[in-house]
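Descriptive structure summary
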Amino acid sequence: METALRLFRERGFEATTMRAIASEAGVSVGNAYYYFASKEQLIQAYYDRAQAEHEAACAEVLATEGSFAARLRGVLCAWVRVSEPYHEFAVKFYKHAAEPSNPLNPFSADSAPARESSVAIYRQVVDGCTDRMDPELRSELPELLWLLSMGVVLFWVHDTSAGCARTYRLIDRTVPLVDRLVGLSYLPGLRGVTRDFIEVVRELRE
């Protein structure tokens, strides 16, 4: 997998063959295909590993922070930290993952395990926080936060600042806004608006 990521970065995803990956990794083509039936499966394995690294990086903040804002900020920043070594690869690979029909698209059926694991992290963010929020919104919020994280990923892919400083700044500016909106959802006068919003989300999901 490490060899594949390097070759994808150097030669591009389309130009890199399984034969080239096997040769560079010092294994037979048959052996490579035994473990990974395609280049796409190699990327899915990368998704799974990156997800596991993110879960480990989030453990401390989820265990120690109680506020929704601190938990959300910690999880988003942890993703940027663990993903930084793969930034150059992501920049070149993004055009493939962004294609709606591509199995590597984060919304595809093939990406469901990694996507569900990521949503589970944001469920921990919500379930473990001490903030008051609308009960119905609480149940829908993990998936909405995952969608927010996809926006952060898109920004990160195009971030050329040193150490992805602009992405960290985006997180610092966005999290307080999300926190305020979630807090407002509990107010009686805004519960109707919250319900309408939730209905839209559920309708679009069907």
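Conventions and cut-offs
- Residues numbered from 1 in each chain as written.
- Predicted model: local features only at pLDDT ≥ 70, side-chain atom pairs only at ≥ 80, totals over all residues.
- Heavy atoms only, no water.
- Helix = DSSP H or I, 4+ residues; strand = E, 2+ residues; numbered from the N terminus.
- Buried < 20%, exposed > 50% of the residue type's maximum accessible area, 1.4 Å probe, protein only.
- Patch = residues over 30% accessible without salt bridge, like charges linked within 9 Å, V, L, I, M, F, W, Y side chains within 5 Å.
- Areas by Shrake-Rupley, 256 points an atom, 1.4 Å probe, with all protein chains shown as cover.
- Salt bridge = Lys/Arg side-chain N within 4 Å of Asp/Glu carboxyl O.
- Domains from an automatic or database assignment.
- Contact = heavy atoms within 4.5 Å.
- Buried area = accessible area lost by both parts, 1.4 Å probe.
- Expected span 1.5 Å × (residues − 1).
- 1 Å grid on protein atoms, 1.4 Å probe; cavity = no way out; pocket = protein on both sides within 12 Å on 5 of 7 lines; lining within 4 Å.
- Points joined across faces, edges and corners; volume = space filled by probe spheres on them.
- Nonpolar A, V, L, I, M, F, W, Y, C, P; charged D, E, K, R; others polar.
- Axes fitted to C-alpha atoms, helices over the stretch in contact; angles between N-to-C directions.
- Parallel < 35°, antiparallel > 145°, perpendicular 65-115°, else oblique.
- Left-handed = near helix turned anticlockwise from the far one by under 90°.
- UniProt positions renumbered as here; feature names shortened; annotations may be inferred.

**Considerations on the environment of Arg173**
Tracing the chain through its elements places Arg173 in helix H9 (residues 165–184). The exposed category is assigned to Arg173, whose relative accessible area is 63%. Distance in space between the C-alpha atoms of Arg173 and Arg132 is 21 Å, their sequence separation being 41 residues.

**What to know about a nonpolar patch on the surface**
Taken together, the side chains of Leu181, Leu184, Leu187, Leu190 and Val193 make up a nonpolar region of the molecular surface, amounting to roughly 440 Å² of accessible area. One can find Val193 in helix H10 (residues 191–205). Accessibility expressed as a relative area gives 53% for Val193, which makes it exposed.

**Digging into the domain arrangement of the protein chain**
According to the domain assignment, the protein chain contains domain 1 (1–37) and domain 2 (50–204). Counting residues at the interface gives five residues for domain 1, matched by seven residues for domain 2. Both faces combined, the contact of domain 1 with domain 2 buries some 630 Å², and carbon together with sulfur accounts for 73% of it. Three residues stand out in domain 1 for area buried against domain 2, namely Leu5, Arg9 and Phe13, and they jointly supply 76% of the buried area on that side.

**Quick notes on the side chain of Gln51**
With respect to the helices and strands, Gln51 occurs in helix H4 (residues 39–64). Discounting residues that sit within four places of it in the chain, Gln51 has contacts with Ala114, Ser117, Ser118 and Ile121.

**A word on helix H7 (residues 112–127)**
With 16 residues, H7 should reach 22 Å at 1.5 Å per residue; the first-to-last C-alpha distance of 22 Å fits that figure. Those residues of H7 that sit buried are Ala112, Ala114, Arg115, Ser118, Val119, Ile121, Tyr122, Val125 and Val126. Next to the buried residues of H7 lie H4, helix H5 (68–83) and helix H8 (135–157).

**What about the layout of surface pockets?**
If you add up the space inside the largest pocket, you get close to 680 Å³. Tyr47, Trp79, Pro106, Met150 and Val153 are, among the 29 residues lining the largest pocket, the residues nearest its centre. Within the residue set of the lining of the largest pocket, elements represented by two or more residues are H4, H5, helix H6 (87–97), H7 and H8. In terms of residues, the lining of the largest pocket owes the most to one element, H8, which gives seven residues. The class makeup of the residues in the lining of the largest pocket is 21 nonpolar, seven polar and one charged.

**Looking at the packing of helix H1 (residues 2–11) against helix H2 (residues 18–25)**
Packing of H1 against H2 brings their axes to within 9 Å, and their N-to-C directions diverge by 120 degrees. For the element pair H1 / H2, the angle class is oblique. Both H1 and H2 take part in a crossing whose hand is right-handed. Contacts from Thr3, Ala4, Arg6, Leu7, Phe8 and Arg11 in H1 reach Ala20, Ile21, Glu24 and Ala25 in H2.

**Describing the UniProt feature "domain: HTH tetR-type" (unreviewed entry) in the protein chain**
Following the UniProt record, one finds the feature "domain: HTH tetR-type" (unreviewed entry) at residues 1–54. Helix makes up 76% of residues 1–54 and strand makes up 0%, while its end C-alpha atoms are separated by 18 Å.

**Topic: the pattern of salt bridges**
For the structure shown, the criterion picks out six salt bridges. For Arg49, the salt bridge goes to Glu2, with nearest N and O atoms at 2.5 Å. On the criterion of sequence distance, the pair formed by Arg49 in helix H4 and Glu2 in helix H1 is long-range, its members being 47 residues apart. Looking at Glu2, the relative accessible area reads 46%, which means it is partly exposed. Of the charged contacts in the structure, one is a salt bridge between Arg49 and Glu53, with a shortest N-O distance of 3.9 Å. Taken together, the residues Arg49 and Glu53, both in helix H4 and four residues apart, mark about one turn of the helix. Put simply, Arg6, Glu10, Arg11 and Glu24 are held in one network by salt bridges that share partners.

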